[in-house]
Amino acid sequence: MTLSPADIKIIVATLQDSEWDEAEVVVGDVRVAVARNGASLGAPAAPAAVPAPPPAPAAAPVPPPPAALAAPQAAPAPVSEPEVPAEGGHVITAPSVGVFWRAPEPGAPPFVEVGSKVAAGDTIGIVEVMKLMSNVTADVAGTVTAVHVENAGAVEYGTPLVTIRPEN
Amino acid sequence: MTLSPADIKIIVATLQDSEWDEAEVVVGDVRVAVARNGASLGAPAAPAAVPAPPPAPAAAPVPPPPAALAAPQAAPAPVSEPEVPAEGGHVITAPSVGVFWRAPEPGAPPFVEVGSKVAAGDTIGIVEVMKLMSNVTADVAGTVTAVHVENAGAVEYGTPLVTIRPEN
Amino acid sequence: MRRLLIANRGEIAVRIVRACFDEGIESVLAVSAADTDSLAARLADRVVVIGPASASESYLSVDRVVAAALHAECDALHPGYGFLSERPELVDACEENKIAYVGPPADIMRRAGSKLGAREVAEQAGIPTGKGTPGLVDVEDAVRAAEKLDNFPLLLKASAGGGGRGMTIVRGEEDLRAGFSRSSTEAERAFGDGTVYLEPYIEQARHVEVQILADTHGTVCHLGERDCSTQRRYQKIIEEAPGAGLPEELAEKIRTSAVELCRALGYVGAGTVEFLVDVKTHRFVFLEVNARVQVEHPITEMITGIDIVREQLRIAQGKPLSFRQEDVRLDGHAIECRINAENPRADFLPTPGRIEKWTVPQGAGVRVDTYAHDGAVVAPWYDSLVAKVIVHAADRPAAVALMRRVLDRTGAEGISTTVDVHRAILADPAFAEGPVTTRWLEEHFLPAWLTQ
Amino acid sequence: MRRLLIANRGEIAVRIVRACFDEGIESVLAVSAADTDSLAARLADRVVVIGPASASESYLSVDRVVAAALHAECDALHPGYGFLSERPELVDACEENKIAYVGPPADIMRRAGSKLGAREVAEQAGIPTGKGTPGLVDVEDAVRAAEKLDNFPLLLKASAGGGGRGMTIVRGEEDLRAGFSRSSTEAERAFGDGTVYLEPYIEQARHVEVQILADTHGTVCHLGERDCSTQRRYQKIIEEAPGAGLPEELAEKIRTSAVELCRALGYVGAGTVEFLVDVKTHRFVFLEVNARVQVEHPITEMITGIDIVREQLRIAQGKPLSFRQEDVRLDGHAIECRINAENPRADFLPTPGRIEKWTVPQGAGVRVDTYAHDGAVVAPWYDSLVAKVIVHAADRPAAVALMRRVLDRTGAEGISTTVDVHRAILADPAFAEGPVTTRWLEEHFLPAWLTQ
């Protein structure tokens, strides 16, 4: 046994004083898992209902693409309808509302095309927010399999920009 | 066994004194899992969200006892506060709102007492609704382990009346 | 009145809890096991579980409902609409147990509840009736009676009950022979009284009804009329107030007739007097009296500013009405759309289930009476009405426009509802121009809509 | 105005969606990734996700908010309260991009937003101010300035911002020396401007504020005053309208001062002029101008019947106010309780989480402004206001009684809220007698309540 009951007691107390609603500590052959406030242990499924960290639906690491938002019948025509990225592959999303530029300047070749090889850290495009240009970079190395927004297209936070098939 | 019963006792006590609603401790081949306040153990699916047949909560075969009903602070004093039946055993509940009579007539001995043996079909009491008397019968054979409502007590549909420990 | 038992469920239970709150009366809700977690149960001051989900063992049981009132020491009982709301036995049982029944006394309910009986009172009061026959003994009696009446088409109707059950249009003797026993059997099964009669059928009619409030001091007031012509199978789908396009003189005559009839009946409480208006001749005939609050009472509340359910509670306490007839102003135009949990494309089959998301816009002149909320369950045991979406605006065109904007933003995820049909009705030029007749929805609108 | 971007969240976003619906304007809601499923998002005509949950990358980003407005082709922007609602940079950015900002022009916001600047305008207009010092250079300057003022206690205040941040009561030179840099640092951190100043501290004061609406045609009207004395750490907890117990002559003088000040400022839009009233001397002093709609605007709507947010939208379109000063009647008494997701027994620590069940009674004179519903999430990144429970009745005692009955039936399961504290406050004889002073809650009520 890698931990004594006394050790476990300390771990439980530590977690209790923390702000986590759900926690798991594994030390060697010992696993301590706790939950409270409606969180439930080891519930990997059920996307809709289970807040993993407390404010979960909101905090979900990958925000829902704007296309998924409820748009009532009376809504004005949607401004942008980003393509839903093909399944599989790693999706790079917009870090902000704004305008997506595929090339560093008008007339220049785009940063990436379908089939481009990228390294982690390579710029795949620019999101402009009120004249402020932010480079969007690949966070994995691989091959671009799709570009979801055309040049000068409007994007929202979380809009899929490109999909990369990571290198193995 | 990686943990002694004494170790487990310490762990359970630790978890009990903590504020966690759900916890799991695994040490080698020993797993200690506890839950409270509505949390449920190893519920891998999202409990809140999944209605099995559409009108599920309502259609649940065993209606919640009236004691479980939400009573706002401003509510008038509850008319009846049925005892919560002890755990285990088979509970016979009231088939209707009304008055519970333990004996066939005033002064007569009650149909059953704690310790009475009953056969399936035996009358265990009467629920009166507006002069209409309905016999309440045991649906299992066994021994009465508790009578939850006193003679002439007010009951609602689903109020526990008696608990029977079924014969094997 | 200190504590009132609500012997009903759904949106009207929520509505009555609200009126109790406003009047400072404790509300106790009688629920079936299916409704222990309903919105009304949450809002009521106390809940009593009276029986299982099945209505016959809960909301339709006079014994259990009265037992619940005694159990919770209630001194009053509100029956809502439907269920036991027009059963004189419930009124009798309340009287025996010294519980104030929110509605008319039993004898008046008996008189008003029989269509033939009420027609007789109306005739004596000089109010136009359908010149119908008395109750018919058998099919041959019916054929003879039909001969004496002007001409076909005729309407075969049940004396008891309502909701169109037992009602058949007969366009010739063959129809009559075929329909007689079916109507009688249906009425017998539905209301325990198979008496049927005949009256002339008006092909192009509007359903116009007058809201009445009468106190125990002899005051009878009307709150104007409603038009409920947008019906399907004699079920109201959309109601409006006041009756747009009715010449004021005709409308006033209908209102006055309703008041006179209720005076003649010695009526007490909230009630509705229903009429048919022939759109060609502008003649009107008395149909029946409904001795309870109606589903569509909110549109009258919107145009008059009078809270009908609170007035009911006042009347049951022996208080006088809080207003006089001359205070009643019919202000603007109100429309109610009944949103049902039904699939209009599957013959309006009920679609019980869980409402995952419930959305209605908030706005000035918008009122929604409902038990729906995120997670609410539409139970399969009861009727399919989920919500009444009500708007109030300066005139009918403005009300139609507002309702269209509201319906565009109204929805229930998780179940199928009739919102789509309502959107289409409100967008229909014939409806927008209005008024439509009682056969319009079934004979013109729905056939066209269903083929789209 | 065809389409408006709402640059806010929570209950005020719901409120603005409603006003847009009423005015026939399309509503577009800018949301962070945390709020894509909020009630406001569901009710708005369209939603634009502008950034992650963190407010600095979403609701506090002028660039992203304006980008969202352009993205959705909005021609107007409503900032709500809090967040960017008093940032002249947002007004400038809207102006540059031809977006109508719902609020005052940038220059007026700059003048009104600086307490020292606004005080100067007030002094010129002959409105009583706290006889405070100018902005203080350093602690020695502060000590010298304190000597020139009447006497301790004094109040050390930040010129920028609000919400009590940077505010310190100083009862002697030692306090002043200790507090100066703390206040200045806090103000610098919170508002980017560390300027602080001193003014005499009134021990027994009521917070009285006047609601102003001013259109672009030079009309400035007041909608009466509110009393917001029930505060904790300078945060309003309960607000009332009108200011009960204020002699009418005094109240009228305060209202007129507010109007005069706004005239002198050239104010446009909805705004609030805050005053302190010395309960002993009945003297009042100007505090500050809030150049936005306030959290507590509904109580003024209840007593005047005027929709303040709709008026804001009218003003931003260049339309005149829909009423004249002489039409404004202060009718009855209204109270608002702010229900926060906080644990009052743990120093009012925020308690984010999921609201399992949300219950508030429906009733006449009861209004609830909220984003809560069954299943709604109180996010940890933003403020803890969950709902504003508002009542309106004939007079203050009736309003207090109604609020008590409402709070008894109000609750949120799943999270801890401040409902219990509100129940206790409303039940407190000192509160019921009223009016209380700004220190009452913290110095008298809470210490007693917390030991229970």
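Residues numbered from 1 in each chain as written. Chains lettered and ligands numbered in written order. Predicted model: local features only at pLDDT ≥ 70, side-chain atom pairs only at ≥ 80, totals over all residues. Heavy atoms only, no water.

Attention now moves to the overall build of chain C. For chain C, the count of helices and strands is 15 helices and 22 strands. Rg of the C-alpha trace for chain C: 21 Å, near the compact-globule value of 22 Å for 452 residues, within the 12% margin. C-alpha atoms of chain C, sized along the principal axes, occupy 60 × 55 × 45 Å. Counting the 452 residues in chain C, one finds 64% classified as buried. Considering only intrachain contacts with a sequence separation of at least 6, the fraction spanning at least 24 residues in chain C is 66%. Taken as two groups, the 51 positive and 67 negative side-chain charges of chain C have centres that lie 2 Å from each other. (Helix = DSSP H or I, 4+ residues; strand = E, 2+ residues; numbered from the N terminus. Rg over C-alpha atoms; globule rule 2.2 N^0.38 Å. Buried < 20%, exposed > 50% of the residue type's maximum accessible area, 1.4 Å probe, protein only. Contact = heavy atoms within 4.5 Å. Lys, Arg positive; Asp, Glu negative; His and termini not counted. Charge placed at Lys NZ, Arg CZ, Asp CG, Glu CD.)

Further remarks concern helix α10 (residues 297-304) of chain C. Residue and element names in this part refer to chain C. Counting buried positions over the eight residues of α10 gives eight, a clear majority of the element. For α10, the complete set of buried residues consists of His297, Pro298, Ile299, Thr300, Glu301, Met302, Ile303 and Thr304. The positive-phi residue at the C-terminal boundary of α10 is Gly305, with phi of around 75°.

Residues and elements named next belong to chain C. With the rule as written, the count across this model stands at 86 salt bridges over all chains. For Glu240, the salt bridge is made with Arg396, and the minimal N-O distance between the two is 2.7 Å. One end of the pair, Glu240, is in strand β11 (residues 235-241); the other, Arg396, is in helix α12 (residues 396-408), with 156 residues separating them in the sequence. Arg396 matches Glu240 in its accessibility class, with the two residues each being buried. (Salt bridge = Lys/Arg side-chain N within 4 Å of Asp/Glu carboxyl O.)

This paragraph deals with the sheet that holds strand β4 (residues 98-101) of chain A. By definition, the strands of a sheet pair up through backbone hydrogen bonds, in either a parallel or an antiparallel sense. What the four strands build is an open sheet, ordered β7-β6-β4-β9 (chain A); its pairing is antiparallel. This sheet does not close on itself; its edge strands, each paired only once, are β7 (132-137) and β9 (153-155) of chain A. Strand after strand, the sheet turns through a mean of 35° between neighbouring axes, direction not considered. Of the strand pairs in this sheet, β4 of chain A and β9 of chain A are connected by three bridges, and their pairing is antiparallel. Within β9 of chain A, the residue paired with Gly98 of chain A across the bridge is Val155 of chain A. Set on the sheet, helix α3 (residues 62-71) of chain D makes contact with β4, β6 (123-129), β7 and β9 of chain A; between it and β6 of chain A the angle comes to about 90°. (Pairing = 2+ DSSP bridges. Axes fitted to C-alpha atoms, helices over the stretch in contact; angles between N-to-C directions.)

Residues and elements named next belong to chain D. Contact geometry for helix α1 (residues 10-23) and helix α11 (residues 308-316): axes closest at 9 Å, N-to-C directions at 60°. On the basis of the axis angle, α1 is oblique to α11. Note on packing geometry: the crossing formed by α1 with α11 is right-handed. Every residue of α11 that contacts α1 at Arg15, Ile16, Ala19, Cys20, Asp22 and Glu23 is listed here: Ile308, Val309, Arg310, Leu313 and Arg314. Taken together, the residues of the contact of α1 with α11 break down into six nonpolar, no polar and five charged. (Parallel < 35°, antiparallel > 145°, perpendicular 65-115°, else oblique. Left-handed = near helix turned anticlockwise from the far one by under 90°. Nonpolar A, V, L, I, M, F, W, Y, C, P; charged D, E, K, R; others polar.)

Residues and elements named next belong to chain D. Taken in spatial order, the three strands make up an open sheet running β7-β6-β8, and their pairing is antiparallel. Strands at the two margins of the open sheet, each flanked by one partner only, are β7 (168-170) and β8 (196-200). Averaged over all neighbouring strand pairs, the angle between strand axes comes to 30°, with direction disregarded. Relative to the sheet, helix α6 (residues 115-124) contacts β6 (154-158) and β8, its axis offset from that of β8 by approximately 45°.

As a further point, take the environment of Val273 of chain C. All names here are of chain C. With respect to the helices and strands, the residue Val273 is situated in strand β12 (residues 269-278). Sequence separation between Val273 and Ile254 is 19 residues; the distance between their C-alpha atoms is 9.4 Å. Ignoring any residue separated from it by four or fewer positions in sequence, one finds Val273 in contact with Val208, Glu209, Val210, Ile212, Ala258, Leu261, Cys262, Phe286, Glu288 and Val289.

Here we take up unusual backbone geometry. That bond from Ala241 of chain C to Pro242 of chain C is cis: its omega, -10°, falls within 30 degrees of zero. Its place among the elements puts Pro242 of chain C in the loop between β11 and α9 (248-265). Phi is positive for Glu73 of chain D, which is not a glycine, with a value near 55°. The residue Glu73 of chain D is located in the loop between α3 and β4 (76-78) in this model. Glu73 of chain D gets classed as exposed once you look at its relative accessible area, which sits at 52%. One non-glycine residue with positive phi stands out, namely His282 of chain D, at about 65°. Within the secondary structure layout, His282 of chain D lies in the loop between β12 (269-278) and β13 (284-290).

Keep in mind these numbers describe shape, not what the thing actually does.
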